[in-house]
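Chain by chain, the residues run as shown.
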Amino acid sequence: GKRKRLNTSVLYDSDESEDSDILVRNTFAKRQCIMDEDDSSEEQQPDKICPTENVSANKKEKIRAKLKELARQRTTRTSSSSEHCEDSNSEAEIEEEPLCHFPLTPTEDSETDSDSMKDFIVEEEDDDNTEHVENENQPQQKELNTSNSELLAYYVPQLSRCDHYVHFKRTVKAFLINAIDDTFLSSLYDGTRQKRYAQDMLLSLHYLDDRFIQPRLENLIARSRWTDRYKERVDCYPDVRITLKNQKNLLCQACELKRYCKFNVLLFGKLYNSRTLEADDFMSDDTQVLKVGVVCANRTRVYHNLKHFKYKLYVDCSSVTESEGVEEEPVKDTVERLFCHLEDSGWIQKRYNDLEEYMDDADNFQEEK
């Protein structure tokens, strides 16, 4: 019973005595597993209730704060770097300006550099020696160039480059020769003549046919609705006359489509060989009259001018030889005399301009609607 009273008294005295702090500490020390001695135990009570939720929330807040800080630092770095670059560029420009004022002539200090470059510098020889060597090599080089060009033109004539007007003049000269000697063109095409001037003329004749005339004729036919019969008629007759007549709504005799036909196409003339240009007297008075529309009439004019241009040129050359007369002189001299006269008078240039006009008409001809 005394021990119980002492315990109660001790507890009672511990509340009001001076040494109450010590006793209270002893008693609370036994309860550390339940409560903390700190006065702020009440504030920490929620953490003990939900520790995982508060820790995760704190971590998220810390991560957000760090991300915001990194973004702010990055923006400040980019702005500062751009300003630094501008400043550095301006400083570099300011620093590079004085470099332009340095002299470009070598100084005494550069003797070492010039000595180091001596191994890479080749001194020129005397001008007299070089000129002498060049003068000796020039004739050999010219002979090589001419021989190569001649071989190329002989074995591969398609690759030899020549002006269009030069080809045309060769063609005129060949027609003048054939007007005097009517076997010249046939001997060219059958390979009898093998001299250089003959081969050049044959090349120019092929160039006129294969490069000037035939591609444009094929283009005109490919874009048309002409029948084969109408095309053959236009090809056979070297002369044409297109006249305007009364308009009629009927089938066009060129394309066989229903059109308002108001043009008459009159075809006449002798049939001739496309290579030797020799005329055939068979049915020389035959004519054809065809009723066509506007588009077919225009196409007929363009096609016919280009198709029979070579034959008309030969006929004109023949008439020149007949009017000028053939004197008692070699054929070569007669041809040179007539050719120089035609060239000086502008006759050849005028015929070449006509050919260019016919080719332009064929190139610019419009499609049918």
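Looking at an unreviewed UniProt entry, the chain carries the name CCD82 protein, with the source organism given as Ceuthmochares aereus.

## Considerations on the overall build of the chain
Per the secondary structure count, the chain includes 14 helices and five strands. Residue burial in the chain is summarised as follows: out of 369 residues, 25% are buried. Expressed as a percentage of contacts within the chain between residues at least 6 apart in sequence, the contacts between residues at least 24 apart total 70%. Summing over all exposed atoms, the chain offers an accessible surface of approximately 27500 Å²; the carbon and sulfur share of this is 50%.

## Concerning the sheet that holds strand β1 (residues 239-251)
In a beta sheet, neighbouring strands pair by backbone hydrogen bonds and run either parallel or antiparallel. The sheet built from three strands is open, its strands ordered β1-β2-β5 with antiparallel pairing. Each edge of the open sheet is held by one strand with a lone partner, namely β1 and β5 (287-292). Averaged over all pairs of adjacent strands, the angle between strand axes in this sheet comes to 20°, irrespective of strand direction.

## What about the nonpolar core?
Grouped together as the largest cluster of nonpolar side chains are 58 residues, with contacts concentrated most on Val 172 and Val 292. Of all the elements, helix α9 (residues 196-222) adds the most residues to this core, at 10 residues. Among residues more than four places away in sequence, those in contact with Val 292 are Tyr 230, Cys 252, Ala 254, Cys 261, Lys 262, Phe 263, Val 265 and Ala 297.

## Considerations on unusual backbone geometry
Positive phi, normally seen in glycine, also occurs at Glu 256, with a value near 60°. Within the secondary structure layout, Glu 256 lies in the loop between β1 and β2 (258-268). Positive phi outside glycine occurs at Leu 277, with the angle close to 60°. With respect to the helices, strands and loops of the structure, Leu 277 is situated in the loop between β3 (271-272) and β4 (279-280).

Definitions and cut-offs
Residues numbered from 1 in each chain as written. Predicted model: local features only at pLDDT ≥ 70, side-chain atom pairs only at ≥ 80, totals over all residues. Heavy atoms only, no water. Helix = DSSP H or I, 4+ residues; strand = E, 2+ residues; numbered from the N terminus. Buried < 20%, exposed > 50% of the residue type's maximum accessible area, 1.4 Å probe, protein only. Contact = heavy atoms within 4.5 Å. Areas by Shrake-Rupley, 256 points an atom, 1.4 Å probe, with all protein chains shown as cover. Pairing = 2+ DSSP bridges. Axes fitted to C-alpha atoms, helices over the stretch in contact; angles between N-to-C directions. Core = buried A, V, L, I, M, F, W, Y, C linked by side-chain atoms within 4.5 Å.

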